[in-house]
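Below are the chains, spelled out letter by letter.
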Amino acid sequence: DGGITQSPKYLFRKEGQNVTLSCEQNLNHDAMYWYRQDPGQGLRLIYYSQIVNDFQKGDIAEGYSVSREKKESFPLTVTSAQKNPTAFYLCASSAGQGVETQYFGPGTRLLVL
Amino acid sequence: AQSVTQPDIHITVSEGASLELRCNYSYGATPYLFWYVQSPGQGLQLLLKYFSGDTLVQGIKGFEAEFKRSQSSFNLRKPSVHWSDAAEYFCAVGPIVYNTDKLIFGTGTRLQVFP
């Protein structure tokens with residue numbers, strides 16, 4: 001089945017620790033996205049990538065980093081500089097040709113110990 | 001500036017009642033509009049989308065939405081709600097960057113369904 005997978009489902013971070021969230025897609029999509037979701041705030045874009053080896057900051061990129069070395073993969077690292085990382089993180093992908101639908105993964109919930 | 005507003009944070013309806021969720025947008029050109037649904041702890045699932053043509057769009061699970069350019073609205077409707085429709089609903093508009101699929105999302109409406 002084609003789709004987007006995110007792992008792990010739950011992730012715990014200690015103070016001062018970097019953690020990496022995985023996102024993989026087998027839809028052959030060019031574009032991928034990372035969103036942060038907090039209660040009452042909807043989805044806020046962290047980073048997006050239109051093509052391999054290229055990515056752009058979204059609205060709340062501070063304290064996060066990404067890479068796009070392969071078309072299928074777009075991992076997100078939450079660094080120690082992100083002071084309030086507790087949230088639900090959603091990865092999405094789309095064909096990237098303009099006005100194509102974004103398809104979402106099941107999400108990763110990050111909790112701080 | 002481009003924006004999406006969902007005025008209702010929380011709506012409660014009885015099972016079998018009709019439903020309308022509101023979505024208003026601000027966009028400089030003809031928008032592309034989406035409705036997504038999210039069950040607790042899950043990702044977003046596309047319900048329907050409007051790109052062009054007929055302004056009344058049919059989606060999955062018996063939902064429909066109507067694009068009204070004069071009112072800058074794209075309200076979601078369902079004639080008879082089922083208990084399984086309880087979820088959070090997001091409206092989105094795009095593209096907010098030319099030649100991309102980048103979207104802006106509303107803050108969501110949480111639907112509660114009573115038996």
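Structural data are supplied above this passage.
Conventions we followed
- Residues numbered from 1 in each chain as written.
- Chains lettered and ligands numbered in written order.
- Predicted model: local features only at pLDDT ≥ 70, side-chain atom pairs only at ≥ 80, totals over all residues.
- Heavy atoms only, no water.
- Core = buried A, V, L, I, M, F, W, Y, C linked by side-chain atoms within 4.5 Å.
- Buried < 20%, exposed > 50% of the residue type's maximum accessible area, 1.4 Å probe, protein only.
- Helix = DSSP H or I, 4+ residues; strand = E, 2+ residues; numbered from the N terminus.
- Contact = heavy atoms within 4.5 Å.
- Polar contact = N/O pair within 3.5 Å; in protein donor to acceptor, adjacent residues only side chain to side chain.
- Phe/Tyr/Trp six-rings, centres within 6.5 Å; stacked < 30°, edge-to-face > 60°.
- Lys NZ or Arg CZ within 6 Å of the ring centre and 35° of its normal.
- Disulfide = S-S within 2.5 Å.
- Buried area = accessible area lost by both parts, 1.4 Å probe.
- Patch = residues over 30% accessible without salt bridge, like charges linked within 9 Å, V, L, I, M, F, W, Y side chains within 5 Å.
- Areas by Shrake-Rupley, 256 points an atom, 1.4 Å probe, with all protein chains shown as cover.
- Salt bridge = Lys/Arg side-chain N within 4 Å of Asp/Glu carboxyl O.

Asks: Sorry, what's going on with the nonpolar core here?
Replies: Soluble globular proteins tend to pack their nonpolar side chains together in the buried interior. Membership of the largest hydrophobic core comes to 27 residues, with the highest contact counts inside it found for L19, W35, L47, L48, F74, L76 and Y89 of chain B. Only β2 (10-14), β3 (19-21), β5 (32-38), β6 (44-50), β8 (64-68), β9 (73-78), β10 (87-94) and β12 (109-114) of chain B provide two or more residues apiece to this core. What L47 of chain B contacts, discounting residues up to four positions off in sequence, is W35, Y36, V37, G59, I60, K61, F63, L76 and Y89 of chain B. One finds I4, V19, F74 and A87 of chain A within the second-largest nonpolar core, a separate group that totals 20 residues.

Asks: Would you mind going over the side chain of T109 of chain B with me for this structure?
Replies: All names here are of chain B. The topology assignment puts T109 in strand β12. On the basis of relative accessibility, which here comes to 1%, the residue T109 falls in the buried class. A distance of 3.4 Å separates a polar atom in the side chain of T109 from a polar atom in the side chain of Q6.

Asks: In this structure, what is going on with the packing of aromatic side chains? I would like to understand it.
Replies: Between two aromatic rings, the relevant description is the distance of the centres plus the angle of the planes. Considering all chains together, one arrives at 16 aromatic pairs over all chains under this definition. Measuring from ring centre to ring centre gives 5.7 Å for Y35 of chain A and F104 of chain A, while their planes differ by 35°; the resulting arrangement is tilted. You can see Y35 of chain A sitting in strand β4 (residues 31-37) and its partner F104 of chain A sitting in strand β10 (residues 103-104), a full 69 residues away along the chain. On the basis of an interplanar angle of 80° and a centroid distance of 5.9 Å, the ring pair of Y47 of chain A and F55 of chain A is categorised as edge-to-face. Every member of this aromatic cluster is reached through a ring pair, and the members are Y33, Y35, Y48 and F104 of chain A together with Y32, F34, Y36, F51 and F105 of chain B. Cation over ring: R68 of chain A sits above F74 of chain A, and NZ or CZ is 6.0 Å from the ring centre.

Asks: Looking at this model, I keep getting lost on the state of the cysteines. Mind explaining?
Replies: Here is the idea: a disulfide is a covalent bond, and it sits between the sulfur atoms of two cysteines. All names here are of chain A. Evaluated as defined, the whole model comprises two disulfides over all chains. Here C23 engages in a disulfide with C91; their sulfurs sit 1.8 Å apart. Note on the C23 and C91 pair: the S-S dihedral is about -70°, so by sign convention the disulfide is left-handed. Of the two residues, C23 is situated in strand β3 (residues 19-25) and C91 in strand β9 (residues 87-94); the sequence distance between them amounts to 68 residues. For C91, a relative accessible area of 0% translates into the label buried.

Asks: Hey, could you run me through the interface of chain B and chain A in this one?
Replies: Accessible area lost upon the coming together of the parts serves often as the stated size of an interface. Contacts between the two partners involve 22 residues from chain B and, on the opposite side, 25 residues from chain A. Buried area between chain B and chain A, summed over both chains or domains, comes out near 1800 Å², and the portion from carbon and sulfur atoms is 55%. Of all residues in chain B, D101, K102 and F105 of chain B give up the largest surface area on contact with chain A, accounting jointly for 33% of the area buried on that side. Taken together, the connections running from chain B to chain A amount to seven residue pairs in polar contact (both at pLDDT 80 or more). Listed by contribution, the elements that provide at least two residues to the side of chain B that touches chain A are β5 and β6 of chain B. Per element, the largest residue contribution to the side of chain B that touches chain A is four residues, and it comes from β5 of chain B.

Asks: Explain a nonpolar patch on the surface to me, please; I cannot follow it from the model alone.
Replies: Residue and element names in this part refer to chain A. A cluster of nonpolar side chains, namely Y10, F12 and L113, defines an oily patch on the protein surface of about 360 Å² accessible area. Here Y10 lies in strand β2 (residues 10-13). When its relative accessible area of 48% is taken as the criterion, Y10 is described as partly exposed.

Asks: Before we go on, may I ask you to explain the pattern of salt bridges in this structure?
Replies: Any two side chains of opposite charge can pair, given that their charged atoms come close. All told, the structure shown has eight salt bridges over all chains when counted by the stated rule. One salt bridge in this structure joins R77 of chain B and E66 of chain B, with 3.3 Å as the shortest N-O distance. With R77 of chain B in strand β9 and E66 of chain B in strand β8, the pair connects residues that are eleven residues apart, well separated along the chain. In this structure E66 of chain B comes out as partly exposed when scored by relative accessible area, which is 23%. Here D85 of chain B and K78 of chain B are joined by a salt bridge, their closest N and O atoms 2.8 Å apart. Neither residue differs from the other here; D85 of chain B and K78 of chain B are each classed as buried. The structure contains a network of salt bridges with shared partners spanning R36, D38 and R44 of chain A.

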